[in-house]
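Analysis of the macromolecular model
Listed below, chain by chain, are the residues.
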Amino acid sequence: MYTKRICICLILIAATASPVIAANSIIFYRDGALLQQEAVALKGVVDFPLAANILENTLIVVPGAGTSIIGVETIRKEAVNGSGSEHEVLTEQRRRLEDRLQALDAREAIFITAAKSQSGKAPRKTKANPEPMQAIRQGTDFAIAQLEAVYTARRKTKLEIQKIDARVSANRKSNRPSTTSVRIAVTPQNGKVTLRYATAERGWQPQYNFYPEKNGTARLQLSARVTGSQHGYQIRVSPGLLAEHDSAETVPAQTGSVVIANYRLPLADEQYSEGIFQRFTGKITNSSSHYLPPGESGLYRDGAYRGKFRFEGISSGRSTVISLGK
């Protein structure tokens, strides 16, 4: 009896010690993301929207305990855009209205010149022009009337352009992007399934801290600045690739930045200048088995921050020179 109780306790300890995977989780890898989502059927059917940038041939649907999958159908709705022909017509109308504005500008310049010319004429009575003042007034009035017509036409043209712009904006708002969803038939009616698939989203950016030591090595600390956001998901990040998900290490992260790896690398040809202006150069070798992606890096020496430099990335077994300052 005592031995039986010990066995039960050990089983319970082992169960509680195993890692807990959230119902909805996402792992951001260096080249994409792996999502896991749980869904419950309604009347034997699960209708579930998938991420827009889902990668082809990555969807896996796993039935929950006591659930059997009857069928899986992927449904893709293409993007709904405003009528292409209508957009072309509106664009052409707008171009014509812009041409009209240019022509009105030219007409305005002509009649302004004509009005000035008429008003500046000296009245001179001749047999052909016995009333010179009247002729000048008529010429000036004609030029001014034409200017008024130009201003009216310009105002109406600008209103037409505003109406066209409003229609184009409304068409853009009515556009809907393409969507992908999955319909899963299960039994029983309230069966549960877990979906897993990959997307092209890169949810983190690499950041580094570089710590030169005094023994010919340096510590390079790699952090992930989480840029992807999935409300209600347990988020983890990994320095590996999607194809390496079975072996790549992952660390939990929510927001901000999280340290995901530390590397001890050989450092040679180190040169550092003391003074107001910080300068540093050194040659590091990636002695790890991982590719180190490019990113911004801080330089720390003797525990003090010395500035930032651009780390251009380095493959395993390769060397590169890093530098801070000129």
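Structural notes, computed from the coordinates.

**A short note on the overall build of the protein chain**
Within the protein chain one finds three helices and 16 strands. Across the 326 residues in the protein chain, those meeting the buried criterion constitute 31%. Excluding contacts between residues fewer than 6 apart, the proportion of contacts in the protein chain whose partners are at least 24 apart in sequence is 69%. With an accessible surface of roughly 20900 Å², the protein chain has 53% of that area assigned to carbon and sulfur atoms.

**So, the nonpolar core**
Within the largest apolar cluster, 44 residues are counted, with the highest numbers of intra-cluster contacts made by Leu-195, Phe-210, Val-237 and Phe-311. If one sorts the elements of this core by residue count, strand E12 (residues 257-273) sits on top with seven residues. Sequence-distant contacts of Phe-210, that is, excluding residues within four places in its chain, are made with Ala-218, Arg-219, Leu-220, Leu-267, Phe-280, Ile-284, Ser-297, Gly-298, Leu-299, Tyr-300, Phe-309 and Ile-322.

**Details of the packing of aromatic side chains**
Tallied over the entire structure, the rule returns six aromatic pairs. On the numbers, 5.5 Å between centres and 65 degrees between planes, the contact of Tyr-300 with Tyr-305 is edge-to-face. An aromatic cluster is defined as three or more aromatic residues linked by ring pairs; in this entry it consists of Phe-210, Tyr-272, Phe-280 and Phe-309. Seen from the ring of Tyr-211, Arg-219 lies directly overhead, with NZ or CZ sitting 4.1 Å from the centre. For the cation-ring pair, Arg-301 lies above Tyr-272, with the distance from its terminal atom to the ring centre recorded as 4.4 Å.

**With respect to the sheet that holds strand E9 (residues 217-226)**
An order of E15-E14-E8-E9-E12-E13-E16 is seen for the seven strands of this open sheet, with the pairing classed as mixed. At either margin of the open sheet sits one strand with a lone partner, and together these are strand E15 (304-311) and strand E16 (319-324). Sheet twist, expressed as the average angle between the axes of neighbouring strands with direction ignored, equals 30 degrees. As judged from the nine bridges shared by strand E8 (residues 204-212) and E9, these two strands associate in the antiparallel manner. Each bridged residue has a counterpart across the sheet, and for Gln-207 the counterpart in E9 is Ser-223.

**Description of the sheet that holds strand E3 (residues 45-50)**
Pairing is antiparallel across the open sheet formed by three strands, whose spatial order is E3-E6-E5. The open sheet has two edge strands, E3 and strand E5 (68-77), and neither has a second partner. Here the strands of the sheet are splayed against their neighbours by 20 degrees on average, with no regard to which way each runs. The sheet contact formed by E5 and strand E6 (residues 179-187) spans nine bridges and is antiparallel. Residue pairing in the sheet places Lys-77 in a bridge with Thr-179 of E6.

**Here's the deal with the pairing of strand E10 (residues 234-237)**
The alternating pattern of E10 places Ile-235 and Val-237 on a buried face and Gln-234 and Arg-236 on a face that is not buried. Here strand E1 (residues 25-28) pairs with E10 via four bridges, running parallel. Pairing of Phe-28 across the sheet is with Val-237, part of E10.

**As for the pattern of salt bridges**
Per the counting criterion, the structure on display carries eleven salt bridges. The partner of Arg-96 in a salt bridge is Glu-92, with the nearest N and O atoms 3.4 Å apart. Pair noted here: Arg-96 and Glu-92 are both in helix H2 (residues 84-119), with a separation of four residues, about one helical turn. When its relative accessible area of 58% is taken as the criterion, Arg-96 is described as exposed. The salt bridge partner of Arg-154 is Asp-105, with a shortest N-O separation of 2.7 Å. One end of the pair, Arg-154, is in helix H3 (residues 132-174); the other, Asp-105, is in helix H2, and 49 residues separate them in sequence. Taken together, the shared-partner salt bridges connect Arg-94, Glu-98 and Asp-165 into one network.

The rules behind the values
- Residues numbered from 1 in each chain as written.
- Predicted model: local features only at pLDDT ≥ 70, side-chain atom pairs only at ≥ 80, totals over all residues.
- Heavy atoms only, no water.
- Helix = DSSP H or I, 4+ residues; strand = E, 2+ residues; numbered from the N terminus.
- Buried < 20%, exposed > 50% of the residue type's maximum accessible area, 1.4 Å probe, protein only.
- Contact = heavy atoms within 4.5 Å.
- Areas by Shrake-Rupley, 256 points an atom, 1.4 Å probe, with all protein chains shown as cover.
- Core = buried A, V, L, I, M, F, W, Y, C linked by side-chain atoms within 4.5 Å.
- Phe/Tyr/Trp six-rings, centres within 6.5 Å; stacked < 30°, edge-to-face > 60°.
- Lys NZ or Arg CZ within 6 Å of the ring centre and 35° of its normal.
- Pairing = 2+ DSSP bridges.
- Axes fitted to C-alpha atoms, helices over the stretch in contact; angles between N-to-C directions.
- Salt bridge = Lys/Arg side-chain N within 4 Å of Asp/Glu carboxyl O.

Functional significance is not addressed by these values, which are geometric in nature.
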